[in-house]
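Chain by chain, the residues run as shown.
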Amino acid sequence: MDLSSVIIAVAGMAGTLGGSLLTQRRAERARRREIQLVRAHDEERENLALRRTCYTELNRDARQFTTALNRHLHILREHGTADDADKTALDEAKAAFRDRYSEAQMIAPEEVLGPAHTVNKALSRVYGHVKRLERGEPEPGETLASASRAQHAVRDLLRPMRTAMRRDLGVSQDD
């Protein structure tokens, strides 16, 4: 066997081994990319589920707070005062909404937070209005009728909030 045959044989073996290593590295890179894509997809799905749950609860709690304010106003109109159970029910509805709104502030995009903030401000204003009436310390112009109008106006603010949440979830383009 001459030297050139040995060199050709060594080069052939090196090429075969090198090709195997390159193929293995490419396959490994492809697997890593696939794992990254699966993880990104799982994260997006989890994020969507988290937002869906938050939005469902935020919408529900906003509606329940609005309903509690309405009920409280009816009680004040009919009886002139509310008992402790009625006050507690209103405060619990407020607390539930506050907790849900706080959660939304951490996970919702600006397109949802804008309308949610508007609803939060309106509900807080009506709540303060109702509590001042309840204590017998209304500000100038605050009456049961003005509180009732303000409470009913909140219902019109719920629609844009719900629409923004549905758009973010990809449920609909328009509501």
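The rules behind the values
- The residue count restarts for each chain, going from 1 along the sequence in the order it is written.
- Only residues with pLDDT of 70 or above have their local features reported here, since the model is predicted, and side-chain atom pairs are shown and tallied only from 80 upward, although totals for entire chains, interfaces and linings are computed over all residues.
- For the side-chain quantities, the full set of heavy atoms in the structure was used; hydrogens and water were omitted.
- Only buried residues count toward a nonpolar core, which is a set of Ala, Val, Leu, Ile, Met, Phe, Trp, Tyr and Cys residues joined through side-chain atoms within 4.5 Å.
- Note on exposure labels: buried denotes an accessible area under 20% of the residue type's maximum, exposed denotes more than 50%, and partly exposed covers the range between, all computed with a 1.4 Å probe on protein chains only.
- Only DSSP runs of H or I covering at least 4 residues are called helices, and only runs of E covering at least 2 are called strands; the numbering of each starts at the N terminus.
- Residues count as neighbours in contact if any of their non-hydrogen atoms are within 4.5 Å of one another.
- One less than the number of residues in a helix, times 1.5 Å, gives the span that helix is expected to have.
- The term polar contact refers here to a pair of N or O atoms within 3.5 Å; inside protein, the definition further demands a hydrogen-donor-capable atom paired with an acceptor-capable atom, and it admits residues adjacent in sequence only when both atoms are side-chain atoms.
- In summary, the pairing rule links any two rings of Phe, Tyr or Trp, Trp by its six-membered ring, whose centres are within 6.5 Å, and it sorts them by plane angle into stacked for under 30 degrees, edge-to-face for over 60 and tilted for everything else.
- Only lysine NZ and arginine CZ atoms are considered, and such an atom sits over a ring when it is within 6 Å of the ring centre and within 35 degrees of the ring normal.
- Residues forming no salt bridge and having over 30% relative accessible area are the ones grouped into patches, like charges within 9 Å of each other and nonpolar side chains (Val, Leu, Ile, Met, Phe, Trp, Tyr) within 5 Å.
- Method for areas: the Shrake-Rupley scheme with a 1.4 Å probe, in which residue coverage is limited to the protein chains shown.
- Definition used for salt bridges: Asp or Glu carboxyl oxygen within 4 Å of a side-chain nitrogen of Lys or Arg.
- To get an axis, a line is fitted to the C-alpha atoms, and for a helix only the part in contact is used. The angle between two axes follows their N-to-C directions and goes from 0 to 180 degrees.
- When describing relative orientation, an angle under 35 degrees is termed roughly parallel and one over 145 degrees roughly antiparallel, while 65 to 115 degrees is termed roughly perpendicular and anything else oblique.
- Each helix crossing is assigned a hand: it is left-handed if the near helix lies turned anticlockwise from the far helix by less than a right angle, otherwise right-handed if that turn is clockwise.
- As a working rule, the residues Ala, Val, Leu, Ile, Met, Phe, Trp, Tyr, Cys and Pro are called nonpolar, Asp, Glu, Lys and Arg charged, and the rest polar, with Gly in that last group.

## Concerning the nonpolar core
Soluble globular proteins tend to pack their nonpolar side chains together in the buried interior. Ranked by internal contacts, the top residues of the largest apolar core, which has 34 residues, are L58, F65, L69, F97, L123, V130 and M161. Counting only elements with at least two residues in this core, the list comes to α1 (3-79), α2 (84-107), α3 (110-135) and α4 (144-169). Look past the residues within four positions of L58 in its chain and what remains in contact with it is F97, R100, Y101, A104, A116, M161 and M165.

## Concerning α2
Counted at 1.5 Å a residue, the expected span for α2 with its 24 residues is 34 Å, and the 35 Å between its end C-alpha atoms agrees. For α2, every residue scored as buried is listed here: D86, L90, A93, F97, R100, Y101 and A104. You can read the cap of α2 off the contacts: a side-chain oxygen lies 3.2 Å from the backbone nitrogen of A85, and it is on D83.

## Brief notes about the packing of aromatic side chains
One pass over the structure, following the stated rule, counts three aromatic pairs. Pairing F97 with Y101 gives two aromatic rings, centres 6.2 Å apart and planes at 15°, and the pair type is stacked. Placement of both F97 and Y101 in helix α2 is noted, with a separation of four residues, approximately one turn of the helix. A single burial state applies to F97 and to Y101, both of which are buried. K94 extends its terminal NZ or CZ atom over the ring of Y127, reaching a point 5.1 Å from the ring centre.

## Quick word on a nonpolar patch on the surface
Among the surface-exposed residues, L3, V6 and I7 lie close enough to one another that they form a single nonpolar patch of about 280 Å² accessible area. Secondary-structure assignment places V6 in helix α1.

## Some points on the pattern of salt bridges
Inspection of every chain in the model, using the stated rule, returns 12 salt bridges. R100 serves as the salt-bridge partner of D61, at 3.1 Å between the closest nitrogen and oxygen. Pair noted here: D61 is in helix α1 and R100 is in helix α2, with a separation of 39 residues, a long-range link. Its salt-bridge partner being E142, residue R132 comes within 2.6 Å of it at the nearest N-O pair. Residue R132 is located in helix α3, and its partner E142 is located in the loop between α3 and α4; the two are separated by 10 residues in the primary sequence. Like E142, R132 is buried. What you see here is one network of salt bridges that share partners, running through E57, R60, D61, R100 and E103.

## Points about the packing of α3 against α4
Remark: α3 packs on α4, axes separated minimally by 8 Å, with the N-to-C direction vectors making an angle of 160°. Between α3 and α4, the interaxial angle falls into the category roughly antiparallel. The interaxial crossing formed by α3 with α4 has left-handed handedness. In the contact of α3 with α4, the residues fall into 19 nonpolar, four polar and two charged.

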